Amino acid sequence: MNPAANTPTAAPNADALSAASLSSALPAPIAAPIATLDAAAERIETPCGAGSMVWRAWGAGRPVVLLHGGYGSWQHWVRNIPALAARRRVYAADMPGLGDSADAPEPVVPETIAAILARGLDAIGLAPAETDLVGFSFGALIGSHLAAQRAGHRSLTIVGAGAIGAARQAITLERTDLDLSPAELAAAHRRNLNRLMIADPARIDALAVAIQTDNVARARVKSRRFAASASILEALRRAEIGRLHVVWGEHDAIAAGNFPERERLLRAIRPDLTFDLLPDAGHWAAYEQPEAFDALLERLIG
């Protein structure tokens, strides 16, 4: 065994492809939140298949790990990292096959991806008993499997979770892999954001469109195939975690109108969970209502 293969390495931020691509494509005032956070981050790499998984870290204090949604990257948390980093040590992942990270080895399933994260957290040196996990959408699925494989985390917060075996609203998204002009591509992403991610179209700003455009273009893991499963329930039955917190935006396009069934399924496994609906927010609640989300997360995990 090569010891260096299991040792995290810090890489220069000049290699941050996502921030560079957004910064070059957008006017400076729009790109500033991404560029500023990326420049301030410690960039850490841990083994992932034939390459590396990329983590970004900010702040000091008890660690919290942020796991982004499907077709996403660490940028899903751009509006939440500053508040969290003011009181916590924040680690935001680019999960395998997404963002700046290398592809996961086959089979590309939640268990494989979670195992790479578990080894990464071990390499970084985060003690589970001191670490809070927060997963959004696909990140909720991976976070649940991570908790099942790496026992003893202080808490797991799942936000906008799919894969719990509940009825789902059918949502058709426009294809963005066609020969579209930049304006047509941005318009398609804006419509998709409104159909799935952000309830109020007035809150779909240029930064949200840019993040979606960049993330989708680089996504190699097709995560929607897991969404109709009950994989989170299967993982939570095996997980040993201190607390389980469950959050949805009250206008989540997938779950709205069926929250009682979701709560029932989850409470059957963890009767002591907390269950919150974030007012006036859709699926990407942390972006659409960042101040309210940050306040809720502080109440839940400190």
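Predicted model only: the values in this text are computed from it and were never measured.

Okay, the overall build of the protein next. Each helix and strand in the protein was counted, giving eleven helices and nine strands. Relative to the 2.2 N^0.38 estimate, which gives 19 Å for 302 residues, the radius of gyration of the protein is 18 Å and therefore close to what a compact globule would have. Taken over the C-alpha atoms alone, the protein extends approximately 50 × 50 × 40 Å along its principal axes. Within the span of the protein, comprising 302 residues, buried residues form 55% of the whole. In the protein, 74% of the contacts between residues at least 6 apart in sequence involve partners at least 24 apart. Taking the 29 positively charged and 32 negatively charged side chains of the protein as two groups, their mean positions are separated by 3 Å.

With that settled, the discussion passes to the nonpolar core. Counting residues in each nonpolar core, the largest one holds 54 residues, and the members touching the most others are Trp-55, Leu-117, Phe-138, Trp-248 and Leu-266. Beyond its immediate chain neighbours, meaning those up to four positions away, Trp-248 contacts Gly-160, Ala-161, Ile-164, Ala-255, Phe-259, Arg-262, Leu-266, Phe-275, Asp-276, Leu-277 and Leu-278. Listed in part, the 40 residues of the second largest apolar core include Met-197, Leu-207, Ile-254 and Ala-286.

Next up on the list: the confidence of the model for the protein. Mean pLDDT over the protein works out to 91, with 91% of the residues at or above the 70 mark. Note that pLDDT drops below 50 for residues 1-7; the model gives that stretch five contacts with residues more than four away or on any other chain. For residues 9-17, every residue scores under 50 in pLDDT, and the model assigns this stretch 19 contacts once sequence neighbours within four places are set aside.

A word on the environment of Ile-142. Along the chain, the position of Ile-142 falls in helix H5 (residues 138-149). In this structure, the C-alpha to C-alpha distance between Ile-142 and Ala-115, residues 27 residues apart in sequence, is 9.4 Å. In this structure, Ile-142 is in contact with Leu-67, Met-95, Pro-110, Ile-113, Ala-114 and Leu-117, ignoring residues within four places of it in sequence.

This paragraph deals with the pairing of strand S2 (residues 42-48). Burial analysis of S2 places five of its seven residues in the buried class, the great majority of the element. Relative to strand S3 (residues 51-58), S2 runs antiparallel, the two sharing seven bridges. When the sheet's bridge partners are listed, Cys-48 is paired in S3 with Gly-51. Hairpin geometry of S2 and S3 is characterised by an intervening segment of two residues between the two adjacent antiparallel strands and by a positive phi of about 55° at Gly-49.

Let us now look at the pattern of salt bridges. Two side chains of opposite charge can pair, provided their charged atoms sit close to one another. Applying the stated criterion to the full structure yields 23 salt bridges. Glu-263 is the partner of Arg-267 in a salt bridge, and the nearest nitrogen-oxygen pair spans 2.8 Å. One end of the pair is Arg-267 and the other is Glu-263, both in helix H9 (residues 259-267) and four residues apart, which spans about a single turn. Looking at Arg-267, the relative accessible area reads 28%, which means it is partly exposed. With relative accessibility at 24%, the residue Glu-263 sits in the partly exposed group. For Arg-270, the salt bridge is made with Asp-272, and the minimal N-O distance between the two is 2.9 Å. Arg-270 gets classed as buried once you look at its relative accessible area, which sits at 15%.

Rules of the game
Residues numbered from 1 in each chain as written. Predicted model: local features only at pLDDT ≥ 70, side-chain atom pairs only at ≥ 80, totals over all residues. Heavy atoms only, no water. Helix = DSSP H or I, 4+ residues; strand = E, 2+ residues; numbered from the N terminus. Rg over C-alpha atoms; globule rule 2.2 N^0.38 Å. Buried < 20%, exposed > 50% of the residue type's maximum accessible area, 1.4 Å probe, protein only. Contact = heavy atoms within 4.5 Å. Lys, Arg positive; Asp, Glu negative; His and termini not counted. Charge placed at Lys NZ, Arg CZ, Asp CG, Glu CD. Core = buried A, V, L, I, M, F, W, Y, C linked by side-chain atoms within 4.5 Å. pLDDT = per-residue confidence, 0-100. Pairing = 2+ DSSP bridges. Salt bridge = Lys/Arg side-chain N within 4 Å of Asp/Glu carboxyl O.

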